[in-house]
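# An overview of the molecular structure
Okay, here's what each chain looks like letter by letter:
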Amino acid sequence: KSTDVQIQGRYKATPFTNGLAATNAVAIGGAFLHGHTLKVGCMENGQISWDNQPILGTFGTFDAAGVGTITYNDQGDLVDAAMGHLEKHIVHITLNGGIQIEVMRWSNHINLR
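A few points on the structure. Starting from 1, residues in each chain are numbered consecutively following that chain's sequence as written. For this predicted model, a pLDDT threshold of at least 70 governs which residues receive local features, and a threshold of 80 or more governs which side-chain atom pairs are given and counted, while totals over whole chains, interfaces and linings are taken from all residues. Where side-chain values are given, they derive from all heavy atoms of the structure, hydrogens and water being excluded.

## Notes on the packing of aromatic side chains
The condition that has to hold: Each Phe, Tyr or Trp ring (for Trp, its six-membered ring) is paired with any other whose centre lies within 6.5 Å, and the angle between the two planes then decides the class: stacked below 30 degrees, edge-to-face above 60, tilted in between. For helices the rule is a DSSP run of H or I covering at least 4 residues; for strands it is a run of E covering at least 2, with both sets numbered from the N terminus onward.
Counting across every chain of the model gives two aromatic pairs. Summarising the aromatic geometry, the rings of F59 and Y72 are spaced 4.9 Å apart at their centres and angled 85° between planes, so their arrangement reads as edge-to-face. In this pair, F59 sits in the loop between strand 5 (53–55) and strand 6 (60–63) while Y72 sits in strand 7 (residues 68–73), placing the two residues 13 residues apart along the sequence.

As structure tokens, this is what we get:
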């Protein structure tokens with residue numbers, strides 16, 4: 001836990017989990033982002049947003065208001081090797097304080113580390 005860094009996940013059941021919850025989205029905020037919020041959702045009904053404004057609708061890099069960078073591409077290692085046959089959609093988040101997060105976006109869930 002940290003007063004400076006706040007990370008919150010949203011969990012929902014998917015058709016593939018037989019009613020069990022999977023991570024559907026993640027929100028990152030806190031004092032270290034100077035009042036900004038980054039949200040990353042799954043491909044099917046989520047998006048990547050900065051302060052509730054959509055960003056990175058396609059692969060590219062976003063300058064996060066001087067607090068870091070967010071790069072969206074198809075590069076990187078997967079958390080779940082079973083997903084390796086699918087097209088990759090990975091969000092690489094590098095933020096102040098040495099915080100690095102990778103979010104793998106799938107049709108109806110996300111994996112992150």
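Still more to cover.
## Things to note about the nonpolar core
What counts is decided by this rule: Put simply, a nonpolar core is a bunch of buried Ala, Val, Leu, Ile, Met, Phe, Trp, Tyr and Cys residues held in one set by side-chain atoms that sit within 4.5 Å of each other. Type-normalised accessible area, obtained with a 1.4 Å probe on protein chains alone, sets the label of each residue: buried when under 20%, exposed when over 50%, and partly exposed for intermediate values. Any two residues whose heavy atoms approach within 4.5 Å are treated as being in contact.
I28, L38, I70 and I93 are the most contacted members of the largest nonpolar core, which totals 22 residues. Of all the elements in the fold, those that place two or more residues in this core are strand 2 (21–29), strand 3 (38–41), strand 4 (48–50), strand 7, strand 8 (90–95) and strand 9 (99–105). Contacts of I70, omitting those with residues within four sequence positions, involve L38, W50, I55, L56, G60, T61, F62, A64, V91, H92 and I93. Membership of the second largest hydrophobic core comes to five residues, among which are L78, M83, I90 and M104.

## Considering the sheet that holds strand 7
Going by this rule: A pair of strands counts as paired when DSSP detects no fewer than two bridges linking them. Between N-to-C directions, angles cover 0 to 180 degrees, with each direction set by a line fitted to C-alpha atoms, over the stretch in contact for helices.
Across the sheet, five strands lie side by side as 6-7-8-9-10; this open sheet has antiparallel pairing. Strand pairing shows two members of the sheet lacking a second neighbour, strand 6 and strand 10 (110–112), which therefore form its edges. Averaged over all pairs of adjacent strands, the angle between their axes in this sheet comes to 15°, without regard to strand direction.

## A word on unusual backbone geometry
We note that H34 has phi near 55°; this positive angle belongs to a residue other than glycine. Position of H34 relative to the elements: it lies in the loop between strand 2 and strand 3.

## Points about the pairing of strand 3
For a regular strand, side-chain orientation follows a simple rule: the groups alternate between the two sheet faces. In this structure, strand 2 lies alongside strand 3, joined through four bridges in antiparallel fashion. Its bridge partner lying in strand 3, A25 is registered against G41. Across three bridges, the pairing between strand 3 and strand 4 is antiparallel. Bridge assignment links L38 to a residue of strand 4, and that residue is W50. Counting the residues between successive antiparallel strands, the hairpin from strand 3 to strand 4 contains six residues.

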